[in-house]
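Analysis of the macromolecular model
Residues per chain, in single letters:
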Amino acid sequence: MIAQTRAARRARIVEVLGTRAVRSQTELLSLLAQDGIEVTQATLSRDLDELGAERVRHGGGLVYAIPGEGGDRTPRAPRDPDEVSGQLARACADLLVTATPAANQVVLRTPPGAASYLAHALDQARWEEILGTIAGDDTILLVTADPSAADALATRLLRTADSTQTTTDDTRENQ
């Protein structure tokens, strides 16, 4: 459920444009309506302008894109899901130390200073079982809908880290 506030609407616009190739404002209006967000074309146009959205080339056409985070403000087209999955798999292999389920939460441990990076990779992957992430210096708290989802998520993360590590180790041995 999405709140009916300007901030929530704009957050959803950023999320949609970051994950889908949206070619027109009409298409974006339709996608927002599917989420229960009713907005006029004039308001959507103003939101896109204030978010810094631009149309960029992507897949043989133009799509809306929002500037990136941090120092690089270049508008980016939606990322390929395989690229996002690969980034998360590498981050898990390199940074995940433990994954411990506790009720409807999972506590992840990382080396000092690495929690924020891994949490960002998890947020970008948009796994449906993760309702939210909170990162400290070396600890991440993941919230799930129920305890069984937490158990499955902890197992999935550890397998993701192990499978990538096994592949990397096998490659090194064969060289």
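Described below are features of the structure shown in this document. (Residues numbered from 1 in each chain as written. Predicted model: local features only at pLDDT ≥ 70, side-chain atom pairs only at ≥ 80, totals over all residues. Heavy atoms only, no water.)

A look at the pairing of strand β4 (residues 98–102)
Of the pairings in the sheet, the one linking β4 to strand β5 (residues 105–109) comprises five bridges and is antiparallel in character. Following the sheet pairing, P101 is matched in β5 by V106. Hairpin connection of β4 to β5: two residues between the antiparallel strands, including A103 at a positive phi of 55°. (Pairing = 2+ DSSP bridges. Helix = DSSP H or I, 4+ residues; strand = E, 2+ residues; numbered from the N terminus.)

Thoughts on the packing of helix α2 (residues 25–34) against helix α3 (residues 41–51)
Look at α2 against α3: their axes get within 11 Å of each other, and the N-to-C directions meet at 105°. Considered as vectors, α2 and α3 are oriented roughly perpendicular to each other. Mapping the contact onto sequence places Q25, L28, L29 and L32 in α2 and Q41, L44, S45 and L48 in α3. For the contact of α2 with α3, the residue count by class is five nonpolar, three polar and no charged. (Axes fitted to C-alpha atoms, helices over the stretch in contact; angles between N-to-C directions. Parallel < 35°, antiparallel > 145°, perpendicular 65-115°, else oblique. Contact = heavy atoms within 4.5 Å. Nonpolar A, V, L, I, M, F, W, Y, C, P; charged D, E, K, R; others polar.)

Quick notes on the pattern of salt bridges
Per the counting criterion, the structure on display carries seven salt bridges. Note that R12 is salt-bridged to E15, the shortest N-O span being 3.2 Å. With R12 and E15 both in helix α1 (residues 6–19) and three residues apart, the pair spans about one turn of that helix. R156 is paired through a salt bridge with E129; the nearest N and O atoms lie 2.6 Å apart. In this pair, R156 is assigned in helix α6 (residues 147–173) and E129 in the loop between α5 (115–125) and β6 (132–135), connecting sequence segments 27 residues apart. Judged by relative accessible area, which is 35%, R156 ranks as partly exposed. (Salt bridge = Lys/Arg side-chain N within 4 Å of Asp/Glu carboxyl O. Buried < 20%, exposed > 50% of the residue type's maximum accessible area, 1.4 Å probe, protein only.)

Quick word on α5
Buried within α5 are the following residues: A115, L118, A119, A121, L122 and A125. The buried residues of α5 occupy one face: seen down the axis, they fall within an arc of 160°. Directly beyond the C-terminal end of α5, a positive phi value near 55° is found at R126. (Arc of directions from axis to C-beta.)

Observations concerning the packing of aromatic side chains
With the rule as written, the count across this model stands at zero aromatic pairs. One cation-aromatic arrangement involves R55 over Y64; the distance from NZ or CZ to the ring centre is 5.3 Å. In this structure, R156 packs its charged tip against the face of W127, placed 3.5 Å from the ring centre. (Phe/Tyr/Trp six-rings, centres within 6.5 Å; stacked < 30°, edge-to-face > 60°. Lys NZ or Arg CZ within 6 Å of the ring centre and 35° of its normal.)

Quick look at α2
For α2, the full list of buried residues reads Q25, L28, L29, L31 and L32. Along the axis of α2, the buried residues cluster in a sector spanning 165°; they form a single face. More than 90 degrees from the buried face of α2, the exposed residues found are T26 and Q34. Buried residues along α2 sit in contact with α1, α3 and β2 (61–67).

Overview of the pairing of β6
Summarising the sheet, β6 and strand β7 (residues 139–143) pair through four bridges and their orientation is antiparallel. Bridging from a neighbouring strand, I134 pairs with L141 of β7. Between the antiparallel neighbours β6 and β7 lie three residues.

So far we have only geometry, and geometry alone does not tell us how the molecule works.
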